[in-house]
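Analysis of the macromolecular model
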Amino acid sequence: MASNNSEKGQVGSYSQDDTPITSTGPSTGTTTPSIHSDKGADEKQIERVAERAILPDQLGNELSRQVRHKYASSYRKVFGVIFTVNLAAFVGLVASARGSPNSRDVGSAASANLMTSILFRQEEFVNLWYEIFTCVPHSWPLYIRKRLAKVFHYGGCHSGAGTAAVVWYILYTILATKEFVEEPLTDQLVNVITSWILVTMFMIILTSAHPNLRRRFHDYFEAFHRFAGWTALCTFWVHNIFSARVTARQWNTSLGNVLIVSPNFWFICISTLCTIASWSRLRHRTVYPEKLSDHATRLHFKYRGMAPFYGLKISDKPMTEWHAFATIPDIDPESGKINGFSVVVSNAGDWTKKQIMKGNERKLWVRGAPLHGLLYTSKLFQRIVVVATGSGIGPCLSLLFADITPRRVFWSTREPHATYGPQVVSEVKRADPNAVIWNTHERGYPDIVREVYQLVHESNAEAVFIISNPKVTEKVVYGMTTRGVPAYGAIFDS
């Protein structure tokens, strides 16, 4: 069993004994020549053995590291910027109106934020942001590229704009209620009722989306988010029409003229189209399972080819739950062309266990367009280290297949051949002949920060990408970034 050394100043080892590890392929890291002489042979064989890198001290003090690398995450920074911009707009609106802002202006601010929040859940819009942020050349300074790679924190835009929309709409509802008290007409009454229904739906969505509640009651979160969102969207249309009727009476003009010039109307049109665009692509697709073991299966889809770096939502109950998976291109062995795609599913709950146990050909629902994810940003770097634990290797297979960025691979899992099959292991080895595949059954859990840093040292990598559970992801990202190595892992509360 390999012992877990502390992270400071000690030198660890890959192997279970003191035998050096020999590099069997090209390496850009520092190496030490070792000369051995075979018995009865005149020639001397030269091995090149990678030096063990000493794990450097973490930068800064404990407080600065916690603030910078944990609490002040890019996700929270984006959220804070959006909320600050809205706060500035609110102060400006109140100041310009001398303490009595117009309800229509407040409603427009709420609708604009709601539209922004929905846009950052629309697949084509998100893919466009990925394309923009990853189009820069490697000649750009690393300090710029490593910041552009954080585009996957776009969830901060969704939650920031969504939270701001709720605050704006509460203010609007208060103003609309005040106007009804002053002028109790039927149009005003309908406007007030729909406004309070919207506030209720928004508060349900906002409360269920809290990270702690979302983690503990994920299925309920999905249901609240979906059905409360649809209820709010339908109510928003009713509210928009009756609000426009109130304005039309005040302006002495037609309802159509008010709607055409109303920002609210166009904001809600865009929000509705985004929702329709996703659900109009709901399809029931045939899936061909390839059971890898009792712990994992690989689901193959043949209805279309899929380029690397995309993910897709899959479900057998489209109204209640969806599961996102990174896709892996499938290759026709004769033509060598992409003829479908697959996803690796490991046992992580009731739904995944059910998919593993079902070995028959069947159909599953897919929805929306394929979506770029975290690993797409690896294109920004000249050399990377890819880290995976367990079934986290599934999403990484797409990156390894793309073969765009030179990479080293560290994969820690229990019995890789028995659990995931020889094909998955061979795909990893093909992408990195010197890949470190750490069998935790034989060697115990690795000192993963030290082992990953060793690969960074050997390959002179510019960044580290990890796909794992929240605990290990946070450990590796924190362990690398506090030592000056850019590192990226999935955001679990976005």
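I will try to describe carefully the structure that is included in this document. All residue numbers refer to position in the chain's written sequence, counted from 1. Per-residue local features of the predicted model are confined to residues with pLDDT of at least 70, and side-chain atom pairs are confined, for both listing and counting, to 80 or more; whole-chain, interface and lining totals are unaffected and use all residues. Working from all heavy atoms in the structure, the side-chain values ignore hydrogens and water.

Brief notes about the side chain of Ser-293
Mapping Ser-293 onto the fold places it in the loop between strand S3 (283-291) and strand S4 (296-301). Buried means the residue's accessible area, taken with a 1.4 Å probe over protein chains only, is under 20% of the maximum for its type, while exposed means over 50%, and partly exposed covers the values in between. Overall, the relative accessible area of 15% leaves Ser-293 in the buried class. In this structure the side chain of Ser-293 is engaged in a polar contact, spanning 3.1 Å, whose partner is the backbone nitrogen of His-295. Numbering goes from the N terminus for both helices and strands, where a helix is a DSSP run of H or I of at least four residues and a strand is a run of E of at least two. We define a polar contact as two N or O atoms separated by no more than 3.5 Å, with the added condition that, inside protein, one atom must be a possible hydrogen donor and the other a possible acceptor, whereas residues neighbouring each other in sequence contribute only through side-chain atom pairs.

Here's the deal with a nonpolar patch on the surface
The patches reported here contain residues having more than 30% relative accessible area and no salt bridge. Joining distances are 9 Å for like charges and 5 Å for nonpolar side chains (Val, Leu, Ile, Met, Phe, Trp, Tyr). Working definition of accessibility: Shrake-Rupley area with a 1.4 Å probe, residue cover restricted to the visible protein chains. One speaks of a salt bridge when a side-chain nitrogen belonging to Lys or Arg is within 4 Å of a carboxyl oxygen belonging to Asp or Glu. Together, Ile-204, Leu-213, Phe-217, Tyr-220 and Phe-224 line one region of the surface with nonpolar side chains, adding up to about 460 Å² of accessible area. Relative to the helices and strands, Phe-224 is located in helix H9 (residues 218-251). By relative accessible area, Phe-224 is classed as partly exposed at 42%.

A closer look at the packing of helix H13 (residues 393-402) against helix H14 (residues 416-431)
To get an axis, a line is fitted to the C-alpha atoms, and for a helix only the part in contact is used. The angle between two axes follows their N-to-C directions and goes from 0 to 180 degrees. Interaxial distance between H13 and H14 falls to 10 Å at its minimum, and their mutual angle equals 45°. Compared by their axis directions, H13 and H14 come out oblique. As H13 packs across H14, the resulting crossing turns out to be left-handed. Here Ile-393, Leu-397 and Leu-400 of H13 lie close against H14, whose contacting residues are Val-424, Glu-427, Val-428 and Ala-431. Amino acids are sorted into nonpolar (Ala, Val, Leu, Ile, Met, Phe, Trp, Tyr, Cys and Pro), charged (Asp, Glu, Lys and Arg) and polar (every other residue, Gly among them). Residue classes in the contact of H13 with H14 are distributed as 6 nonpolar, no polar and 1 charged. An angle below 35 degrees is treated as roughly parallel, one above 145 as roughly antiparallel, one from 65 to 115 as roughly perpendicular, and anything else as oblique. The hand of a helix crossing depends on one turn: near helix anticlockwise from the far one by less than a right angle means left-handed, and clockwise means right-handed. In what follows, residue pairs with any heavy atoms lying within 4.5 Å of each other are defined as contacts.

A word on helix H3 (residues 103-119)
Between its first and last C-alpha, H3 extends 24 Å over 17 residues, near the 24 Å set by a 1.5 Å rise per residue. Extensive coverage of H3 is indicated by the burial of 12 of its 17 residues. For H3, the full list of buried residues reads Ser-103, Val-106, Gly-107, Ser-108, Ala-109, Ala-110, Ser-111, Asn-113, Leu-114, Met-115, Ser-117 and Leu-119. Between the side-chain oxygen of the N-cap and the backbone nitrogen of Arg-104 there are 2.7 Å, and the N-cap of H3 in question is Asn-102. Multiplying 1.5 Å by the residue count of a helix minus one yields the expected span of that helix.

Focus on helix H11 (residues 263-279)
Given a rise of 1.5 Å per residue, 17 residues ought to cover 24 Å, and the 25 Å separating the end C-alpha atoms of H11 matches this to within 8%. Listed as buried for H11 are Asn-264, Phe-265, Ile-268, Cys-269, Ser-271, Thr-272, Cys-274, Ser-278 and Trp-279. Elements in contact with the buried residues of H11: H3, helix H4 (123-133), H9, helix H10 (255-261) and strand S9 (362-372).

Things to note about the sheet that holds strand S11 (residues 407-413)
Any two strands with at least two DSSP-identified bridges between them are counted as paired. Judged by pairing direction, the sheet is parallel, and its 5 strands sit side by side in the order S12-S11-S10-S13-S14 without closing on themselves. A single partner strand is all that each edge strand has here, and the edge strands are strand S12 (436-439) and strand S14 (487-489). Strand after strand, the sheet turns through a mean of 15° between neighbouring axes, direction not considered. Packed on one face of the sheet, H13 meets strand S10 (384-389), S11 and strand S13 (463-467) and runs near 150° to S10.

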